Structure formats: structure tokens, C-alpha cells
Amino acid sequence: MAVCIAVIAKENYPLYIRSVPIQNELKFHYTVHTSLDVVEEKISAVGKAMADQRELYLGLLYPTEDYKVYGYVTNSKVKFVIVVDSSNTSLRDNEIRSMFRKLHNSFTDVMCNPFYNPGDTIQSKAFDSMVTAMMVQAS
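Right, let's walk through the structure included here. Bear in mind that the values here come from a model prediction, so they are computed numbers and not experimental data.

**A look at helix 2 (residues 93–112)**
Working step 1: Compared with the 28 Å implied by 1.5 Å per residue over 20 residues, the 29 Å span of helix 2 between its first and last C-alpha is a close match.
Working step 2: Turning to helix 2, its buried residues number three or more, namely I96, M99, F100, L103, H104, S106, F107 and V110.
Working step 3: Looking at the buried side of helix 2, the elements it contacts are strand 1 (2–8), strand 2 (14–19), strand 3 (57–63), strand 4 (67–73), strand 5 (79–85) and helix 3 (125–134).

**A short note on unusual backbone geometry**
Most peptide bonds take the trans form, and the phi angle of most residues other than glycine is negative.
Working step 1: Note the cis peptide between V20 and P21, where omega equals -5°.
Working step 2: For P21, the location among the structural elements is in the loop between strand 2 and helix 1 (25–46).
Working step 3: The backbone of N12 sits at a positive phi, close to 65°, despite the residue not being glycine.
Working step 4: Relative to the helices and strands, N12 resides in the loop between strand 1 and strand 2.
Working step 5: Taking relative accessible area as the criterion, N12 reaches 31% and is therefore assigned partly exposed.
Working step 6: The backbone of K77 shows a phi angle near 70°, a positive value even though the residue is not glycine.
Working step 7: Along the chain, K77 falls in the loop between strand 4 and strand 5.
Working step 8: A residue is classified by how much of its surface remains accessible, and K77, at 34% relative accessible area, is partly exposed.

Thresholds applied
Residues numbered from 1 in each chain as written. Predicted model: local features only at pLDDT ≥ 70, side-chain atom pairs only at ≥ 80, totals over all residues. Heavy atoms only, no water. Helix = DSSP H or I, 4+ residues; strand = E, 2+ residues; numbered from the N terminus. Expected span 1.5 Å × (residues − 1). Buried < 20%, exposed > 50% of the residue type's maximum accessible area, 1.4 Å probe, protein only. Contact = heavy atoms within 4.5 Å.

The following block contains the structure:
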């Protein structure tokens with residue numbers, strides 16, 4: 001499904017980035033950070049009055065030649081970015097939404113852990129295994 005999944009803190013530093021294959025990790029760091037500009041544009045376009053009712057799912061942030069980048073923002077301004085291979089045409093919008101919902105639920109479980117300090121990188125094995133299940137298995 002996904003080739004890169006990232007969780008970005010409110011202050012725009014990475015809490016978690018995982019990519020397949022591992023050789024392209026630097027490329028995906030760049031892709032995720034360039035998508036943050038589009039995320040900020042979409043958040044500000046909603047406006048202050050609609051902040052309580054806004055949709056968390058931002059949809060397709062931008063397509064590149066090889067990948068499609070999707071975004072999601074929590075109420076606490078933590079950003080989730082999923083990068084999908086452009087050749088995967090069978091992936092529909094509602095499937096991307098469900099991936100973000102799973103990611104958000106797992107992230108909430110991490111935040112509820114009393115031993116997790118908010119703002120630290122995510123090192124939860126349960127979160128990692130859930131992300132691994134969403135990733136494309138490299139052959």
C-alpha cells in the first residue's frame with residue numbers, strides 16, 4: 001500500500017518516519033518535508049471560523065511522477081503523511097482515509113502511554129508493527 005509513512009509534530013519535526021525500501025529514506029524525508037508547505041496552506045485556507053468543524057483528512061497534497069502524497073492533521077496539529085506509489089491505481093480515497101484512521105488510533109494509543117513523553121520520537125513496537133502492516137512488503 002504505502003511506501004512511506006510519517007508522523008510530524010506540531011512544530012514540524014519528525015516524530016516517526018518509516019519507508020520501504022530503506023535506501024530511499026532520505027528521498028522520502030525530503031518528500032515529507034516539502035509536503036508540509038501544502039499542509040500549512042490547506043490548514044490556513046479553512047480559516048479560523050471553521051477550525052472546530054474542519055475535516056482532519058486533507059486528501060491528496062500533491063502528486064509527483066513516482067508518488068502520490070496524502071495528508072491528515074489531528075486536532076492537536078500533529079501531521080500524518082502517507083506516500084503511495086503512483087503506479088497503484090487500485091487504491092481509492094476511502095482506503096487512504098481508513099489508513100489514516102488506523103494511524104490516528106495507533107498514535108492515540110502511543111500518546112496514552114504514561115511512559116511516553118510528548119515530543120519524543122515514537123519508539124512503540126505496537127505502533128511500528130501497525131505501520132509495517134500498512135507498508136508495501138519489499139520483495
